[in-house]
Amino acid sequence: MGYAIEGTTGTWEVVVGLEVHAQVISNAKLFSGSATAFGAEPNSQVSFVDAAFPGMLPVINRECVRQAVRTGLGLNAHINVVSHFDRKNYFYADLPSGYQISQYQHPVVGAGVVEVQLSDGSTKQIGVTRLHLEQDAGKSLHDQHPTKSFIDLNRAGVALMEIVSEPDIRSPEEAGAYVRKLRSILRYLGTCDGNMEEGSMRADVNVSVRKHGEPYRTRCEIKNVNSVRFVMQAVEAEAQRQVEVWEAGGTVQQETRLFDSARGVTRPMRSKEDAHDYRYFPDPDLLPLVLDEAWIEELRLALPELPDTKQARFMRDYGLTAYDAGVLIAEKETAAFFETVAKGRDAKTAANWVTGDFFAALNRTGGSIENPPVSAQNLGKLLDLMADNTINGRIAKNVFEAMVETGKDPASIVDENGLRQVTDTSAIDDAVARIVAANQDKVAEYKSGKDKLFGFFVGQTMKAMAGKGNPALINEALKKALS
Amino acid sequence: MTQLTDLTIVQARDGLREKDFSAVDLTLAHLNGIEALNPRLNAFITVSHSQALDQARAADKALAAGEQRALTGIPLAIKDLFCTAGVRTTAGSKILGPFVPPYESSVTANLLRDGAVFLGKTNLDEFAMGSSNMTSAYGPVENPWKRRQDANAVLVPGGSSGGSAAAVAARLAMGATGTDTGGSIRQPASFCGLVGVKPSYGRCSRWGVVAFASSLDHPGPFARTVRDGAILLGSMAGHDPKDSTSADMPVPDYEAACARGVKGLRIGVPLEYRMDGMPGEIEALWRQGLDWLRSAGAEIVDVSLPHTKYGLATYYIVAPAEASSNLARYDGVRFGLRHDGEDLRDLYERTRAEGFGPEVRRRIMIGTYVLSAGYYDAYYLRAQKIRALILKDFTDVFANVDALLTPTAPSAAFAQGENMDDPIKMYLNDVFTVPADLAGVPAISIPAGLDVNGLPLGLQVIGKVFDEETVFAVAAEVERAAGFTALPAIRAGG
């Protein structure tokens, strides 16, 4: 079953592999001591090594290696105790040395696996081929001057992890789920901030199509796609294009393409750019990178709880469904928020509130989980007010909105607005009596078997009590009055 | 008293300590020599006159305070491949043009730490690519030695460190730095009657040395005696965390090692260095050297380095491959020469066509070719495998012997213009020196005799990796036995 493209000649399967470039979180660049902060003044974070001045030499930054190894461990991948750095040679103005130091034949991390969850509730294993460390290039700015290009080398030499997947992905949804899951793992590990809009994570998307049971056909690589949505759109657009090419009797050419997000299509990059012979060879300025097994073990033991483990724990300890747990653990901060709310309270209620009203408020206000419209502590207190019958669920929703508005804690909102639930049975009996008296026709219908009308009486009574009546006591009183 | 410029470093060190003369006197004597002879010899590209005098005055102050370090007040020449803070560094190329590095190479920083005075930057083959100093964009260097019968012939000093060799031979500096990638210290040392030291790979930091071939570049010193060479290397060497290939090992007392003698040492004679067509006088000098060592108590042993014959071919694949990549940074964008163009590609092409000379261009093309898709396995990869076999040759023989003795070069200095018709002929100059570079083992050339024309010939001692001490001990014995006292025709005060 699954995703497929119906062409005029039959059904086409989509085959996708992703190369994700993730900027390593580290204070210094991969081979120099320069800072790596985003948004600094152009060329303010450039050392003589980064600018490839004569006689300058690279020295590997231990922290970047540590982050790559931790990422490998987080991807359940094999860590290569010996790896090598190679030079990838090409000329470009934002590549000062004329070569990028990368790991071509012997990457620091080997095969691993990422499990993704799909909307139909199924899960799928996507193979990771390898992860290697490499330098980023600088940035060419072509729009600053009518006839000149400007170069910013702040990014030149920043450490990137290139994470290459197997061609295991079969739909735009799977591609999106893979990128999201990968980003989630990197963020949990603190090895990449995953900010695709700032360019600290970007994907090259390899797409081909084939008829069922065929070997792989020619693929195209869509470079530098910078959001999950665009990754999904790019897969869809490119697969569609290739089906059309094949079905028109043409041949898909292996080439590098760009995704035009405004028009929702891919188009070829200038052919000049992919005629490179990179002349890879081992970088003679660097010795092989040799890792200590004990150090790798130390890093493995110190890994934080990762998304899959956390999800399993949420399902087990909080009794949540896979779906709810999956939503809550997608971001480490959201999971922590939930755990604060759920601590000592009913977990299912906490989950409903976090994924329901709280997420809605988050979206509406444009807030972030780090700076939420309602704190986890206050949301917890709100749940407490419901649990001890101070307010009922309906009032709670109003109190929550007031909390978003004012930032006040729920108890003071309840007090200031007199929202305490009425549990006085005589007041409830009075209200019930009034509603029954005013609706004798409905009473007759109810008694003749129209059970559904019971809800009408509950609503009317609650309305008469300005929403503050205890629902259970109202039910009880109504049953008595209508029997 | 002998002239100040004729002193060895050891003698000058003593004289400075005894206040026989000042560091300023010593520096001025050399600066005067440079002024008189450099217009002819072209050994220096840049003379840092006022900086040298400042450093000499600082040295005198230190001496007055009783603070004498290993090289306090000793005037040296620096190969113009070492970046020197505030002093133009050309690498012998037009492409670096007016480049003034804002940083000091680790090796020269070590020399300055020890009190040395820098007279200036010496001429070299462009990017150290050559064996004659003829490829320099700043003109050829004249060897201060003359053929007895043909005093008009202008001889080359060898290369690539030709300027450093000529400067030390002509008494324009007491010592100099060089770099040896395929023989660029030892061959010019042999041509100019000097001691040239190529230490083990990793012994001297490459940080701040303009790269030619990273896995082969060895900084090292020139001196007029083995002991002076030991003093200079002792200062230049040492672990440098800024160079990942630098060896994290203590630096032994090389000067002391010079006095060890060779009694009981086993000296290997590699059969494969007996090349067809080698001049008889070089063969004879080699036998003479072995006799000296035998007389001094060493045991002479025939050994085999079976892959020697592949050394040159391997070198001329590995070195250009690395160079083609190392020299990509000279693109006209950030420093040095820029020739503007229609677009980026045009800028690259114009800048590099104008900035690089023919030999550099040839090697970039060779290097680019051997790394290209489809040729990598046949050339670069195979060369790396043979390089490993050459290293194994040395490892194997050093299980049985302590050092090797060989000639340094297949001939004495040749005249400018000779060997220029065919690059391969020029490359053959390095046949005896290249293997030690490929293997990273230490080697020293010592002046051991004169050829029929009265030109110096060197013998080479090769040792185990990081065992420079034994190499110095053997070299000192050869030096003592040879009693080489001949002087070049052109020299300061001569």
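Residues numbered from 1 in each chain as written. Chains lettered and ligands numbered in written order. Predicted model: local features only at pLDDT ≥ 70, side-chain atom pairs only at ≥ 80, totals over all residues.

Asker: For this particular structure, what's the right way to read the overall build of chain B?
Answerer: When helices and strands are counted, chain B shows 16 helices and eleven strands. Taking 494 residues into account, the globule formula puts the C-alpha radius of gyration at 23 Å, and chain B, at 21 Å, falls close to it. Its C-alpha atoms give chain B principal-axis dimensions of roughly 65 × 55 × 50 Å. The 494 residues of chain B split such that 61% are buried. Restricting to contacts in chain B with at least 6 residues of sequence separation, those with at least 24 account for 78%. (Helix = DSSP H or I, 4+ residues; strand = E, 2+ residues; numbered from the N terminus. Rg over C-alpha atoms; globule rule 2.2 N^0.38 Å. Buried ≥ 20, exposed ≤ 12 C-beta atoms within 10 Å, placed from the backbone. Contact = placed C-beta atoms within 7 Å.)

Asker: What is the right way to read the overall build of chain A from this model?
Answerer: Helix and strand content of chain A: 15 helices and 16 strands. For a compact globule of 483 residues, the expected C-alpha radius of gyration is about 23 Å, and chain A comes in at 30 Å, more than 25% above that figure. In terms of its C-alpha atoms, chain A occupies a principal-axis envelope of roughly 95 × 55 × 55 Å. A separation threshold of at least 6 residues defines the contact pool for chain A, and within that pool the share at least 24 residues apart is 69%.

Asker: What's the story with the domain arrangement of chain B in this structure? I'm lost.
Answerer: Put simply, an interface is often sized by how much accessible area is lost when its parts join up. Residue and element names in this part refer to chain B. Assigned domains of chain B: these are domain 1 (4-265 + 400-482) and domain 2 (310-384). When residues of the side of domain 1 that touches domain 2 are traced back to their parent elements, those giving at least two are helix 14 (423-427) and helix 15 (434-439). Of the residues forming the side of domain 1 that touches domain 2, the biggest block, three residues, is contributed by helix 15. When grouped by side-chain class, the residues that make up the side of domain 1 that touches domain 2 number 16 nonpolar, eight polar and three charged. (Domains from an automatic or database assignment. Nonpolar A, V, L, I, M, F, W, Y, C, P; charged D, E, K, R; others polar.)

Asker: Hey, could you run me through helix 7 (residues 226-236) of chain B in this one?
Answerer: Residues spaced three or four apart along an α-helix face the same direction, because each turn holds 3.6 residues. Residues and elements named next belong to chain B. For helix 7, the buried fraction is high: eleven of the eleven residues fall into the buried class. Of all the residues in helix 7, the buried ones are Val226, Arg227, Asp228, Gly229, Ala230, Ile231, Leu232, Leu233, Gly234, Ser235 and Met236. Count one or two residues on from helix 7 and you reach Gly238, which has phi positive near 135°.

Asker: Even after reading the chapter, I still don't get the sheet that holds strand 4 (residues 175-180) of chain B, so can you show me in this structure?
Answerer: What holds strands together in a sheet is hydrogen bonding between their backbones, with the strands either parallel or antiparallel. Residues and elements named next belong to chain B. The sheet built from eleven strands is open, its strands ordered 1-3-2-4-6-5-10-11-9-7-8 with mixed pairing. Each end of this open sheet is capped by a strand with a single partner; those strands are strand 1 (44-47) and strand 8 (299-303). If you compare each strand with its neighbour and ignore which way they point, the axes differ by 30° on average. Of the strand pairs in this sheet, strand 9 (residues 403-407) and strand 11 (residues 456-463) are connected by five bridges, and their pairing is antiparallel. Pairing of Thr406 across the sheet is with Gln460, part of strand 11. Lying on the sheet, helix 2 (residues 23-41) is in contact with strand 1, strand 2 (75-79) and strand 3 (117-122); it crosses strand 3 at an angle near 20°. Taken strand by strand, helix 7 contacts strand 4, strand 5 (195-198), strand 6 (218-223) and strand 10 (443-450), and its axis lies near 145° from that of strand 6. (Pairing = 2+ DSSP bridges. Axes fitted to C-alpha atoms, helices over the stretch in contact; angles between N-to-C directions.)

Asker: Got a minute to help me understand the interface of chain B and chain A in this structure?
Answerer: Each side of the interface is counted separately: chain B has 33 residues, and chain A has 25 residues. When contributions to the side of chain B that touches chain A are tallied by element, the ones reaching two or more residues are helix 10 (311-326), helix 11 (344-355) and helix 12 (358-371) of chain B. If one sorts the elements of the side of chain B that touches chain A by residue count, helix 10 of chain B sits on top with three residues. Among the residues making up the side of chain B that touches chain A, the classes are represented as 17 nonpolar, nine polar and seven charged.

Asker: For this particular structure, what's the right way to read the domain arrangement of chain A?
Answerer: Partitioning chain A into structural domains gives domain 1 (5-297), domain 2 (305-416) and domain 3 (425-482). Distance from the C-alpha centre of domain 1 of chain A to the C-alpha centre of domain 3 of chain A: 64 Å.

Asker: When you look at the pairing of strand 11 of chain B in this model, what are you seeing that I'm missing?
Answerer: Moving residue by residue along a regular strand, the side chains alternate between the two faces of the sheet. Residue and element names in this part refer to chain B. Judged by how many residues are buried, strand 11 sits mostly within the fold: eight of eight residues are covered. The alternating pattern of strand 11 places Pro456, Gly458, Gln460 and Ile462 and Leu457, Leu459, Val461 and Gly463 on opposite faces, both of which are buried. Alignment of strand 10 against strand 11, held across seven bridges, turns out to be antiparallel. Bridge pairing links Ile444 to Val461 in strand 11. In textbook terms, the turn of a hairpin is the stretch between consecutive antiparallel strands, and for strand 10 and strand 11 this stretch comprises five residues, one of which, Gly454, has a positive phi near 80°.

Asker: Mind showing me how you'd approach the nonpolar core here?
Answerer: For soluble globular proteins, the rule of thumb is that nonpolar side chains tend to be buried together. One finds Val205 of chain A together with Leu76 and Val474 of chain B to be the most contacted residues of the largest nonpolar core, which totals 228 residues. Dropping the residues within four chain positions of it, Leu76 of chain B is found in contact with Leu111, Ala116, Val117, Phe118, Leu119, Ala173, Met174, Gly175 and Ala176 of chain B. Val327, Ala335, Ala376 and Leu382 of chain A belong to the second largest nonpolar core, which has 32 residues in total. (Core = buried A, V, L, I, M, F, W, Y, C linked by C-beta atoms within 7 Å.)

Asker: Would you explain the sheet that holds strand 15 (residues 281-282) of chain A in this entry?
Answerer: Residue and element names in this part refer to chain A. Spatially, 5-4-15 is the arrangement adopted by the three strands of the open sheet, whose pairing is antiparallel. Of all the strands in the sheet, just strand 5 (99-102) and strand 15 have a single pairing partner and so form its edges. Sheet analysis places strand 4 (residues 86-89) next to strand 5, joined by four bridges and oriented antiparallel. Residue Arg87 lies in a different strand from strand 5, and its bridge partner there is Ile101.

Asker: Is there a simple way to think about the packing of helix 12 (residues 425-438) of chain A against helix 14 (residues 453-464) of chain A in this case?
Answerer: A pair of packed helices is characterised by two quantities: the angle between their axes and the separation of those axes. Residue and element names in this part refer to chain A. Between helix 12 and helix 14, whose axes approach to 9 Å, the crossing angle comes to 125°. Judged by the inter-axis angle, helix 12 sits oblique to helix 14. At the point where helix 12 passes helix 14, the crossing takes the right-handed sense. Residues Ala431, Val432, Arg434 and Ile435 of helix 12 form the contact with helix 14, whose participating residues are Phe457, Gln460, Thr461 and Ala464. (Parallel < 35°, antiparallel > 145°, perpendicular 65-115°, else oblique. Left-handed = near helix turned anticlockwise from the far one by under 90°.)

Asker: Where do I start with the environment of Asp228 of chain B in this structure?
Answerer: All names here are of chain B. Tracing the backbone shows Asp228 in helix 7. Overall, Asp228 belongs to the buried group, with 28 C-beta atoms counted inside 10 Å. The spacing of Asp228 and Leu37 is 191 residues in sequence and 23 Å in space, taken between C-alpha atoms. Ignoring any residue separated from it by four or fewer positions in sequence, one finds Asp228 in contact with Thr8, Ile9, Val10, Gly175 and Ala223.

Asker: Would you mind showing me how to read unusual backbone geometry here?
Answerer: Excluding glycine, residues mostly carry a negative phi; peptide bonds, for their part, are mostly trans. A cis amide bond links Gly159 of chain B to the next residue, Ser160 of chain B, at an omega of 5°. With phi around 55°, Asn224 of chain A is a residue other than glycine that occupies positive phi space. Checked against the element boundaries, Asn224 of chain A lands in strand 12 (residues 220-225). Residue Asn224 of chain A is classed as partly exposed on the basis of its 15 C-beta neighbours within 10 Å. With a phi angle near 60°, Ala91 of chain B is a residue other than glycine that sits in the positive phi range. By the secondary structure assignment, Ala91 of chain B is in the loop between strand 2 and helix 4 (106-113).

Asker: How should I be thinking about helix 16 (residues 468-482) of chain B in this particular structure?
Answerer: All names here are of chain B. Counted at 1.5 Å a residue, the expected span for helix 16 with its 15 residues is 21 Å, and the 21 Å between its end C-alpha atoms agrees. Looking at helix 16, one finds that the buried residues are Glu468, Val471, Phe472, Ala473, Val474, Ala475, Ala476, Glu477, Val478 and Glu479. Gly483 lies just past helix 16 and shows a positive phi near 55°. (Expected span 1.5 Å × (residues − 1).)

Asker: Quick question: what am I supposed to make of the packing of helix 14 of chain A against helix 15 (residues 471-482) of chain A here?
Answerer: Residue and element names in this part refer to chain A. Between helix 14 and helix 15, whose axes approach to 10 Å, the crossing angle comes to 120°. With respect to each other, helix 14 and helix 15 are oriented oblique. At the point where helix 14 passes helix 15, the crossing takes the right-handed sense. Each of Phe454, Phe457, Val458, Thr461 and Met462 in helix 14 lies in contact with helix 15, whose residues at this interface are Ile474, Asn475, Leu478 and Leu482.

Asker: Looking at this structure, how should I read the environment of Ser47 of chain A?
Answerer: Its location among the elements puts Ser47 of chain A in the loop between strand 2 (11-23) and helix 1 (62-74). Residues Ser47 of chain A and Phe230 of chain A lie 183 residues apart in sequence; the distance between their C-alpha atoms is 35 Å.

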